[in-house]
Amino acid sequence: MGVSVNAQEVEDSEYVKNVKSLCRTVTIRQSRFYERPDMLYWLFPNYYREKRAVKQIHNFTYSVINSRIQTLQNSTNDQNDSEGKAVPFLDMLLKSTVDGRPLTKEEVREEVDTFMFEGHDTTGSAISFALYLLASDQDVQDHALEEQKTIFCEDIHRPSTYNDLQQMKYLERVIKETLRLYPSVPFYGRKTDQPVIYKGNVIPEDIDIAVNAYEMHRDPEYFPNPDKFDPTRFEAMDGTKPYCFIPFSAGPRNCIGQKYAMLEMKSALSKILRAFRLLPTVPEHQIKLTSESVLKSYTGIYIRVLKRTF
Ligand code: HEM
């Protein structure tokens, strides 16, 4: 967004706490039928927790937007200075027009919130599960490291370039296999806009449907021996069943950030793999899955790391 919020340095960041609280309240509401109707929801403490979190998240986002507007107004850079430089996403939004008019502050805030929310915990969850899986399978880890050595040769600790990331084919399969076993967004909703025939039955129009990517990814019909972590299964996938692997959803409302997410995850995992050998804890840590909008382990994810010497 072009604004530094130091979320990783500030312990107990209010923004991070509020996003967590919001995810939790939404998940709890889904699981309690009596909290679902809007006309009853206000009777429960969750309603007030959710409202408070949403208000504070909006306030924070507005402060980021205002601070960026201020910086842009104070900036002495003319058009030529910024030529060739990456333009922050927020600047693009502030300069965008819809039907010839600029976006309102509220519309900009909605876009910023969507990208902040969809873009941070999803990749964080996938990177954590990938590290866990790599630590528990030394053969896969060695294979991934060999690929890194081939790409980086003598200069093993240099920062990766876009071209390097494109060459990380095996690491990409590791990430896909991680997202198959632990999809960051385990299920998402859709509404039928026309009757749909499914397995001989008619699902009427205007029905809410939960798409369960987690279950689909563990269906032995599509993924034999589904609980096994095996990145090579993506070598064999020929694209004839494109909708059995749907961590980024599919169709017109699929994930707009998936290519960026893949680069981000490759970049982080590549750096960690080159610096450390990943090992399981002793005794091996058991993860326990929970979905708070994003898939997590409520017992945390623990591994051991050993500094590599080449
Ligand atoms: C491992 C990483 C990621 C996964 C697994 C993932 C998954 C998904 C899924 C399943 C959806 C559809 C949700 C729904 O329909 O309810 C979605 C939507 C979206 N994602 Fe991602 N995402 C990831 C990373 C990112 C990143 C890094 C960004 C932005 C930089 C991003 C931006 C978005 C946006 C804006 C949407 C809404 C698209 C729309 O409604 O048209 N995502 N993502």
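Residues numbered from 1 in each chain as written. Predicted model: local features only at pLDDT ≥ 70, side-chain atom pairs only at ≥ 80, totals over all residues.

We now examine helix H6 (residues 138-152). Compared with an ideal rise of 1.5 Å per residue, which puts 15 residues at 21 Å, H6 spans 21 Å between its outermost C-alpha atoms and is within 8% of the ideal. For H6, the elements touching its buried residues are helix H5 (105-136), helix H8 (169-181) and helix H11 (258-275). Positive phi appears at Cys-153, one or two residues downstream of H6, with a value of about 45 degrees. (Helix = DSSP H or I, 4+ residues; strand = E, 2+ residues; numbered from the N terminus. Expected span 1.5 Å × (residues − 1). Contact = placed C-beta atoms within 7 Å.)

Let's shift gears to the site of the ligand. Near the ligand there are 20 residues, and of these Glu-118, Gly-119, Thr-122, Cys-255 and Gly-257 occur at the shortest range. Among the secondary structure elements, those contributing two or more residues to the shell around the ligand are H5 and H11. When residues in the shell around the ligand are grouped by element, the largest group, 7 residues, is from H5. Its residues assigned to classes, the shell around the ligand comprises 11 nonpolar, 7 polar and 2 charged. (Near = placed C-beta within 6 Å. Nonpolar A, V, L, I, M, F, W, Y, C, P; charged D, E, K, R; others polar.)

What the domain assignment reports for the protein chain is domain 1 (1-103) and domain 2 (135-310). Spacing between the C-alpha centres of domain 1 and domain 2 amounts to 26 Å. Facing the 4 residues of domain 1 at the interface are 4 residues of domain 2. (Domains from an automatic or database assignment.)

On to the UniProt feature "binding site: heme" (unreviewed entry) in the protein chain. According to UniProt, the "binding site: heme" (unreviewed entry) feature falls on Cys-255. Topologically, Cys-255 is positioned in the loop between helix H10 (233-236) and H11. For Cys-255, a count of 19 C-beta atoms within 10 Å corresponds to the partly exposed category. When residues no more than four places from it in sequence are discounted, the contact partners of Cys-255 are Phe-248 and Ser-249. (UniProt positions renumbered as here; feature names shortened; annotations may be inferred. Buried ≥ 20, exposed ≤ 12 C-beta atoms within 10 Å, placed from the backbone.)

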